[in-house]
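Structural features, examined
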Amino acid sequence: MATAEKSTKADKASKTAATKTARASGTKGTPATREARKKRAEAVATKSAARKAASVSSKDAKSLSDLFEHALGDIYYAEKKIYKSLPKMIKAADHPELVQALTSHREETAGQIEKLEAIFGLLGKRAKAEKCDAIDGILEESESLLEDFGSSVAADAAIIFSCQAIEHYEITRYGSMRAFADALGMDEAKQLIEEILAEEKAADAGLTELAEESVNAAAAEYDDD
Ligand SMILES: [Fe+2]
Ligand SMILES: [Fe+2]
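Since this is a predicted model, take the numbers as computed values, not measurements.

A separate point is the coordination of the iron ion (ligand 2). Ligation of the iron ion (ligand 2) by protein atoms is provided by H105 (NE2), E167 (OE), E167 (OE), E170 (OE) and E200 (OE), these donors lying 2.0 to 2.7 Å from the ion. The distance between the iron ion (ligand 2) and the iron ion (ligand 1) is 3.3 Å, with E170 acting as a donor to both metals. Residue H105 is found in helix α4 (residues 96–122), and its partner E170 is found in helix α6 (residues 155–183); the two are separated by 65 residues along the sequence.

Have a look at this one:
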């Protein structure tokens, strides 16, 4: 029974494939129906080309380069704000390795800002920050978390929690920008973005390790009492 079922299914599949092939090659039917099918296909292709042309001409003149430049201004704004926000988190952090990780990532951030300015230079533009609501929201939340948890036993865990949201935001933006630069053939910009992206990923991985290997467990001990 199982074999018969299998062979029926196989027969069906092969018939379907044969029909598809026949349709694709236009070999099915009389010469008149083949001709009619061909005409219909041509009409569909003409309509679709016309629709595509109309849709392109109705779009405004913004391009992928413009989007790249927007993303650059956006992340430039974000990095500058992150640089300013980090001292408060460093001050509230307790674990020496967390203090060290945040301090060295702040130094990296200063270098990233310079790299972004270099990319503006490659575009022949002056560095210009564009207000980014996403990072403003993430930093606002980290401020209020610091107020709520900054003096608690979960302070370090809360700081890592906030910082990883920042890192992930950065990773997604630099990931997209890397792909834009690649598509646009901007090799030097792509190289600089890849360098920054590697730093963000390393910072994120370091925080994960710190949280999972010591900070969370140390804080959780107080929950056991
Ligand atoms: Fe950064
Ligand atoms: Fe970062």
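Next up on the list: the environment of S152. Within the element layout of this structure, S152 appears in the loop between α5 (133–149) and α6. A sequence separation of 67 residues divides S152 from A219, and the C-alpha atoms of the two residues are 9.2 Å apart. From its side chain, S152 meets the backbone oxygen of F149 in a polar contact 2.7 Å long. A distance of 3.1 Å separates a polar atom in the side chain of S152 from the backbone nitrogen of A154.

Taken as a whole and assessed by the stated rule, the structure comprises one aromatic pair. When the ring of Y76 is compared with that of F120, the centres are 5.4 Å apart and the planes differ by 70°; the resulting orientation is edge-to-face. Here Y76, found in helix α3 (residues 64–92), pairs with F120, found in helix α4; they are 44 residues apart in sequence, far enough to count as distant. You can call Y76 buried: its relative accessible area is 4%. According to the relative accessible area criterion, F120 is buried, its value standing at 2%.

With that out of the way, let us pick up the coordination of the iron ion (ligand 1). The iron ion (ligand 1) binds to the protein through E79 (OE), E79 (OE), Q112 (OE1), E170 (OE) and E200 (OE); the donor distances cover 2.0 to 2.3 Å. One chain supplies every donor for the iron ion (ligand 1), spaced along it as E-x32-Q-x57-E-x29-E. Note on E170: relative accessible area 0%, which makes it buried.

For the rest of this paragraph, the subject is the packing of α3 against α5. Put simply, α3 and α5 touch, their axes get as near as 11 Å, and they point 10° apart. On the basis of the axis angle, α3 is roughly parallel to α5. In contact with Y77, A78, K81, I82, S85, K88, M89 and A92 of α3, α5 contributes I135, D136, L139, S142, E143 and L146. Residue composition of the contact of α3 with α5, by class: eight nonpolar, two polar and four charged.

Taking 1.5 Å as the rise per residue, α5 with 17 residues should run 24 Å; its terminal C-alpha atoms sit 24 Å apart, in good agreement. Among all positions of α5, only I135, D136, I138, L139, S142, L145 and L146 are buried. Along its buried surface, α5 packs onto α3 and α6.

Side chains of a nonpolar character, in soluble globular proteins, are inclined to be buried together. Membership of the largest hydrophobic core comes to 42 residues, with the highest contact counts inside it found for L102 and I135. Contributions of two or more residues to this core are made by α3, α4, α5, α6 and α7 (187–224).

With that settled, consider the pattern of salt bridges. Scanning all chains against the criterion turns up ten salt bridges. One salt bridge connects K125 with E69, and the closest N-O pair in it is separated by 3.6 Å. Residue K125 is located in the loop between α4 and α5, and its partner E69 is located in helix α3; the two are separated by 56 residues in the primary sequence. Under the relative-accessibility criterion, K125 is labelled partly exposed at 40%. Exposure remark for E69: the relative accessible area of 27% places this residue in the partly exposed category. One salt bridge connects K131 with D133, and the closest N-O pair in it is separated by 3.3 Å. A residue is classified by how much of its surface remains accessible, and K131, at 55% relative accessible area, is exposed. A single salt-bridge network, built from bridges that share partners, covers K81, K131, D133 and D136.

Rules and cut-offs
- Residues numbered from 1 in each chain as written.
- Chains lettered and ligands numbered in written order.
- Predicted model: local features only at pLDDT ≥ 70, side-chain atom pairs only at ≥ 80, totals over all residues.
- Heavy atoms only, no water.
- Donors = N, O, S within 2.8 Å, 3.2 Å for Na, K, Ca; no water.
- Helix = DSSP H or I, 4+ residues; strand = E, 2+ residues; numbered from the N terminus.
- Polar contact = N/O pair within 3.5 Å; in protein donor to acceptor, adjacent residues only side chain to side chain.
- Phe/Tyr/Trp six-rings, centres within 6.5 Å; stacked < 30°, edge-to-face > 60°.
- Buried < 20%, exposed > 50% of the residue type's maximum accessible area, 1.4 Å probe, protein only.
- Axes fitted to C-alpha atoms, helices over the stretch in contact; angles between N-to-C directions.
- Parallel < 35°, antiparallel > 145°, perpendicular 65-115°, else oblique.
- Contact = heavy atoms within 4.5 Å.
- Nonpolar A, V, L, I, M, F, W, Y, C, P; charged D, E, K, R; others polar.
- Expected span 1.5 Å × (residues − 1).
- Core = buried A, V, L, I, M, F, W, Y, C linked by side-chain atoms within 4.5 Å.
- Salt bridge = Lys/Arg side-chain N within 4 Å of Asp/Glu carboxyl O.

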